[in-house]
Amino acid sequence: MKIAIIGAGAAGMTTAYLLNKQHDLTIFEKQPILGGNIRTLNKNVTGVELDSKLVLDCGVLEFQSEHFPNFHKLMNALNVTMEQGQTSSELFLADGHYYKSGAGLLHHCKNLREFLTEAQKLFPVLKGYLRFLFVAFRTTPKELHNQPVSAYLDGEIHAVWLKMLLMYAYSMPYQKIADFPAEIAIPLLRHSSMFTKWDRVVGGVYTYIEKILEQFDGEIHCNANIQKVFRTPSGVIITMKNGENLPFDKVIFAVTPEQVLNLLGDTNEDENRRFSAWQPNQIETIIHTDVSFYKHFGVSYYSEFDVFQTDTHGHCGYNAYLNRLYAIDAAKYPHYSLAYNMEKYIHPAKIIHRQQHNTPLYSVDAVRYRHEVIATNGENHTYHAGAYLGEGLHEGAISSAFAIAELLK
Ligand SMILES: Cc1cc2nc3c(=O)[nH]c(=O)nc-3n(C[C@H](O)[C@H](O)[C@H](O)COP(=O)(O)OP(=O)(O)OC[C@H]3O[C@@H](n4cnc5c(N)ncnc54)[C@H](O)[C@@H]3O)c2cc1C
């Protein structure tokens with residue numbers, strides 16, 4: 001069959017890989033480069049002042065070792081080398097206080113005295129966290145449906161910390177996390193702790209997209225300007241902004257969900273219901289070499305994922321210290337970090353790259369009809385893939401591609 005895949009992020013590229021041998025595929029990507037939120041400097045992102053021997057990810061970074069089975073299945077099939085690490089995250093408050101993570105406590109205290117002081121500070125946080133886990137493990141998927149995460153996480157310090165980790169994981173402003181769907185957040189938080197192992201792709205995340213491209217036989221159009229997609233009784237017509245009409249047997253939307261109704265020229269009532277509550281979420285991440293702001297807190301150890309309250313009005317950000325994640329020698333290279341919403345602390349001259357990202361804005365209303373989208377995949381010659389149909393991370397994107405490949409095999 002002749003199949004159009006719209007969107008070349010993780011979901012679109014994996015679908016292309018899985019359907020490559022059986023079908024005649026055309027990928028349409030509106031950006032000049034492939035990968036969606038996979039942005040690897042010195043790979044799909046070029047022209048950055050960065051030593052040519054280094055690759056740094058400025059978007060997707062890490063993958064859970066145990067809870068991303070389809071992702072790991074894909075990496076094995078593509079023969080991609082992974083490296084495992086443990087990550088820690090410290091919490092820095094606007095009033096100057098900070099809390100070490102469990103891993104930080106175990107590995108990065110200078111002496112027993114510091115260990116005891118930090119452990120004592122952490123005790124009430126741990127108590128709140130255990131209380132949260134007790135409730136989270138007893139809650140059924142049905143009970144989580146149509147609930148915001150704020151029903152489980154309040155204003156206590158453990159809750160603030162966990163909501164900041166959700167801000168990091170889903171690249172959403174902290175103020176919008178209260179309405180984040182519990183059905184996605186709670187399962188993720190249940191299996192993410194200081195003991196969780198995370199994997200990274202050696203050579204940068206874009207490495208696996210390169211491996212897909214080595215095998216791909218279809219056509220790829222970057223900078224694609226699609227006007228509308230129409231379904232006919234026998235297939236699909238894609239109308240380009242230049243007036244061309246391109247016929248296909250099937251179309252796979254692997255775009256962020258708020259794009260679906262903009263692209264469809266003949267939406268029906270069901271599609272309107274399923275997609276109309278999705279909103280866009282545009283954020284910027286930066287790669288920088290400024291760690292001087294840690295001095296305000298008297299800290300000389302930088303964790304893989306530190307989260308910061310940047311003021312007392314609920315603004316927050318994160319700093320992921322890349323030298324530790326990528327084992328980059330800080331004696332030889334600068335201190336590289338990936339940061340979000342940390343502009344206030346970072347000297348502009350130390351910013352080496354700015355990256356725009358589009359992600360779905362997760363809310364209780366937006367995810368309400370996801371099960372319908374999944375259940376009706378294939379109706380009207382139309383399929384949908386994307387991280388938003390799963391847990392919102394890479395496993396969701398890859399699993400949605402596997403599900404479509406199963407339907408179209
Ligand atoms: C900064 C950041 C860090 C992240 N870190 C991690 C991480 O460490 N681990 C993890 O598991 N997940 C992470 N994520 C989540 C990440 O979004 C998902 O893991 C996954 O990459 C999403 O893939 P996707 O294919 O569903 O969507 P996307 O990557 O958003 O791909 C959608 C594609 O569709 C294209 N598109 C949109 N509209 C059109 C159109 N009209 N025509 C043609 N093409 C169009 C877009 O340009 C894009 O290329 C991170 C996200 C961000 C933003």
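Residues numbered from 1 in each chain as written. Predicted model: local features only at pLDDT ≥ 70, side-chain atom pairs only at ≥ 80, totals over all residues.

Novice: Tell me about the site of the ligand, residues and numbers included.
Specialist: What surrounds the ligand is a group of 36 residues, the closest being Gly7, Gly9, Gly36, Leu393 and His394. At the level of elements, α1 (10-19), β19 (351-361) and α14 (394-407) are the ones that each hand at least two residues to the shell around the ligand. When its residues are assigned to classes, the shell around the ligand shows 17 nonpolar, 16 polar and three charged. Split by domain, the residues of the shell around the ligand number at least three in each of domain 1 (2-81 + 204-277 + 368-407) and domain 2 (88-195 + 280-361). (Near = placed C-beta within 6 Å. Helix = DSSP H or I, 4+ residues; strand = E, 2+ residues; numbered from the N terminus. Nonpolar A, V, L, I, M, F, W, Y, C, P; charged D, E, K, R; others polar. Domains from an automatic or database assignment.)

Novice: I'd like a description of the domain arrangement of the chain, backed by residues and values.
Specialist: By a frequent convention, interface size equals the accessible area lost on bringing the separate parts together. When its domains are assigned, the chain resolves into domain 1 (2-81 + 204-277 + 368-407) and domain 2 (88-195 + 280-361). The centre of domain 1, based on its C-alpha atoms, is set 29 Å off from the matching centre of domain 2. If you look at the interface, domain 1 gives 21 residues, while domain 2 gives 25 residues. (Contact = placed C-beta atoms within 7 Å.)

Novice: Please set out unusual backbone geometry residue by residue, giving values where relevant.
Specialist: In this structure, Asn146 is a non-glycine residue whose phi angle is positive, near 65 degrees. With respect to the helices, strands and loops of the structure, Asn146 is situated in the loop between α5 (141-144) and α6 (157-170). One non-glycine residue, Asn341, adopts positive backbone phi at about 60 degrees. Its place among the elements puts Asn341 in the loop between β18 (337-340) and β19.

Novice: Now, about α1: what can you tell me, with residues and values included?
Specialist: Counting buried residues in α1 gives ten out of ten residues, a clear majority hidden from the surface. Looking only at α1, the buried set comprises Ala10, Ala11, Gly12, Met13, Thr14, Thr15, Ala16, Tyr17, Leu18 and Leu19. If you follow the buried residues of α1, they end up packed against β1 (2-6), β2 (24-28), α2 (69-78), α8 (206-215), β14 (250-253) and α14. (Buried ≥ 20, exposed ≤ 12 C-beta atoms within 10 Å, placed from the backbone.)

Novice: Give a description of the sheet that holds β18 that names residues and reports values.
Specialist: In space, the seven strands of this open sheet follow the order β8-β7-β16-β17-β18-β15-β19, with mixed pairing throughout. Sheet topology places β8 (98-99) and β19 at the edges, where each strand pairs with a single neighbour. Pairing of strand β15 (residues 279-288) with β19 involves ten bridges; the strand directions are antiparallel. Looking at the pairing, His288 lines up with Ile351 of β19. (Pairing = 2+ DSSP bridges.)

Novice: Explain the sheet that holds β1 to me, using residue names and the numbers behind them.
Specialist: Pairing within the open sheet is parallel, and its five strands lie in the order β10-β2-β1-β14-β20. In this open sheet, the two strands that pair with only one neighbour each are β10 (219-221) and β20 (382-384). When strand polarity is set aside, the average angle formed by the axes of neighbouring strands in this sheet is 20 degrees. As defined by bridge partners, β14 adjoins β20 across three bridges and the pair is classed as parallel. What sits directly across from Ile252, in β20, is Tyr383. (Axes fitted to C-alpha atoms, helices over the stretch in contact; angles between N-to-C directions.)

Novice: So what about the packing of α1 against α8? Which residues, and what values?
Specialist: The N-to-C vectors of α1 and α8 enclose an angle of 35 degrees; their axes lie 10 Å apart at closest approach. By crossing handedness, the relation of α1 to α8 is classed as left-handed. Mapping the contact onto sequence places Met13, Ala16 and Tyr17 in α1 and Ile209, Ile212 and Gln215 in α8. (Left-handed = near helix turned anticlockwise from the far one by under 90°.)

Novice: Now, about the pairing of strand β13 (residues 245-248): what can you tell me, with residues and values included?
Specialist: The sheet contact formed by strand β12 (residues 236-240) and β13 spans four bridges and is antiparallel. Bridged to Ile237 within β13 is Pro247. Connecting β12 to the next strand, β13, in antiparallel fashion are four residues, including Gly243 with a positive phi near 95 degrees.

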